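# Topology and contacts: notes
The lines below spell out each chain.
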Amino acid sequence: MNKLGAVWTVLLGSAFLLCACGEEQPDVPDKSYIGVAYYNQSDTFLNELLDSFKEQLKEMQNEDMDTVVMVRDAAGVQRTQDDQVKELINAGCDVLCVNLVDRADPSEIIDMAREHEVPIIFFNREPVAEDLMQWDQIYYVGADAEESGVMQGELAADMIKNNSQTDRNRDGKIQYVVLEGEPGHQDAIIRTETAVKTLTDSGIELEKLSYQIANWNRAQAENRMEQLIGQYPNQIELVLSNNDDMALGAMDAYKKLNYTETALPVFFGIDGTDAGLEAVMDSELAGTVYNDKEGQAKAMAELCWALITGDGMEELEFQKERCIYLPYAKVTEENADEFIARSNTP
Ligand code: GAL
Ligand code: CA
């Protein structure tokens with residue numbers, strides 16, 4: 001055989017092999033990679049949300065499609081998260097789900113994703129509108145902070161109106177403190193403002209004693225609350241907390257100081273985490289506002305699926321073009337069991 005003949009044999013042979021591989025393909029499940037980057041693994045609400053996300057993706061899988069989720073924790077450092085996103089893109093992720101550390105600083109992540117054409121779903125920590133408009137493959141899944149503040153204010157107003165003993169010193173005013181999440185987070189500033197405004201608008205006279213920042217964290221809240229109790233012994237009647245973990249931390253502080261139940265203020269949280277819902281059932285928290293983690297996780301999973309397969313985008317309901325906001329709901333002792341049930345089914 002001459003040289004040309006040998007080349008043809010090799011080429012035909014490879015073509016045959018390629019065809020053979022092509023025919024095999026339908027039996028091999030397609031793997032898709034979803035990269036998840038979140039701001040801090042010590043955050044209770046986000047851990048519960050991500051558990052639900054993984055469960056729901058698993059349920060959506062079929063024999064033609066298999067998803068692999070790769071999760072990275074930035075431990076509160078934006079630079080670390082930028083590096084993690086780069087690594088996730090290099091590892092071949094088809095979609096990115098990003099819970100920014102600094103919600104005002106997504107540019108580096110957007111640039112990298114755009115360069116490699118990997119769509120981004122931001123979640124829970126909302127980038128500002130201009131950043132969401134930087135590219136048409138950017139989505140956001142979350143909830144409306146104002147709605148949660150209004151609901152917390154309404155829950156507290158109902159409680160105060162129906163329980164005159166909430167005003168323990170009977171001066172006609174409710175002495176309160178606020179435990180706030182991270183400064184600069186949409187859910188911290190807006191929840192506090194709207195909760196207080198809703199209470200005042202409903203005719204309740206308030207007296208703000210103080211506030212403390214506890215970064216969504218139970219242990220930090222316990223510590224800050226101890227300081228507040230020291231500063232205002234027996235004066236605090238209401239604790240408004242931007243989330244459940246901090247409300248529970250405030251309660252921990254009172255328990256540690258051996259306060260009797262009748263001397264306790266009333267506590268309100270937001271989230272309806274597992275521990276938060278239990279505390280509402282046990283009447284330790286007077287109420288909370290359900291931050292629909294299952295709904296948010298489902299929207300993220302459906303959006304990932306639609307971006308990967310190209311199917312189902314029309315069924316998703318967007319606001320502001322590419323944002324999905326799930327509604328909050330009020331939780332009290334009367335309906336807490338419904339939410340516990342919801343939380344136990346992904
Ligand atoms: C809020 C939630 C907080 C915390 C925070 C993190 O929506 O209520 O508990 O998880 O997000 O960004
Ligand atoms: Ca009072």
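We now turn to the structure provided with this report. (Residues numbered from 1 in each chain as written. Chains lettered and ligands numbered in written order. Predicted model: local features only at pLDDT ≥ 70, side-chain atom pairs only at ≥ 80, totals over all residues. Heavy atoms only, no water.)

On to empty space enclosed by the protein. Where empty space is left in the structure can be found by rolling a water-sized probe over the atoms. Within the structure shown, the criterion is met by three cavities of 30 Å³ or more. If you add up the space inside the largest cavity, you get close to 110 Å³. Lining of the largest cavity is provided by 13 residues; of these, Asp43, Phe45, Asn124, His185 and Trp216 occupy positions nearest its centre. For the lining of the largest cavity, the secondary-structure elements that each account for two or more residues are helix H2 (44–60) and helix H7 (186–201). Considering only residue class, the lining of the largest cavity consists of four nonpolar, four polar and five charged. (1 Å grid on protein atoms, 1.4 Å probe; cavity = no way out; pocket = protein on both sides within 12 Å on 5 of 7 lines; lining within 4 Å. Points joined across faces, edges and corners; volume = space filled by probe spheres on them. Helix = DSSP H or I, 4+ residues; strand = E, 2+ residues; numbered from the N terminus. Nonpolar A, V, L, I, M, F, W, Y, C, P; charged D, E, K, R; others polar.)

This part takes up the pattern of salt bridges. On inspection of all chains with the given rule, the structure shows 19 salt bridges. With a shortest N-O distance of 3.2 Å, Lys298 and Glu302 are connected by a salt bridge. Placement of both Lys298 and Glu302 in helix H11 (residues 293–309) is noted, with a separation of four residues, approximately one turn of the helix. When its relative accessible area of 43% is taken as the criterion, Lys298 is described as partly exposed. Each of Glu48, Lys293 and Glu294 takes part in salt bridges that share partners, so that together they form one network. (Salt bridge = Lys/Arg side-chain N within 4 Å of Asp/Glu carboxyl O. Buried < 20%, exposed > 50% of the residue type's maximum accessible area, 1.4 Å probe, protein only.)

Once that is clear, we can look at the packing of aromatic side chains. With the rule as written, the count across this model stands at five aromatic pairs. Centre to centre, the rings of Tyr254 and Tyr259 are 4.9 Å apart; their planes meet at 90°, and the pair counts as edge-to-face. Look at Tyr290 and Phe339: their rings are 4.8 Å apart centre to centre, the planes differ by 45°, and that puts the pair in the tilted class. Of the two residues, Tyr290 is situated in strand S10 (residues 288–290) and Phe339 in helix H12 (residues 336–344); the sequence distance between them amounts to 49 residues. Exposure remark for Phe339: the relative accessible area of 5% places this residue in the buried category. Through successive ring pairs, a cluster of aromatic residues spans Tyr254, Tyr259 and Phe267. Above the face of the Tyr39 ring, Arg125 is positioned so that its terminal group lies 3.7 Å from the ring centre. (Phe/Tyr/Trp six-rings, centres within 6.5 Å; stacked < 30°, edge-to-face > 60°. Lys NZ or Arg CZ within 6 Å of the ring centre and 35° of its normal.)

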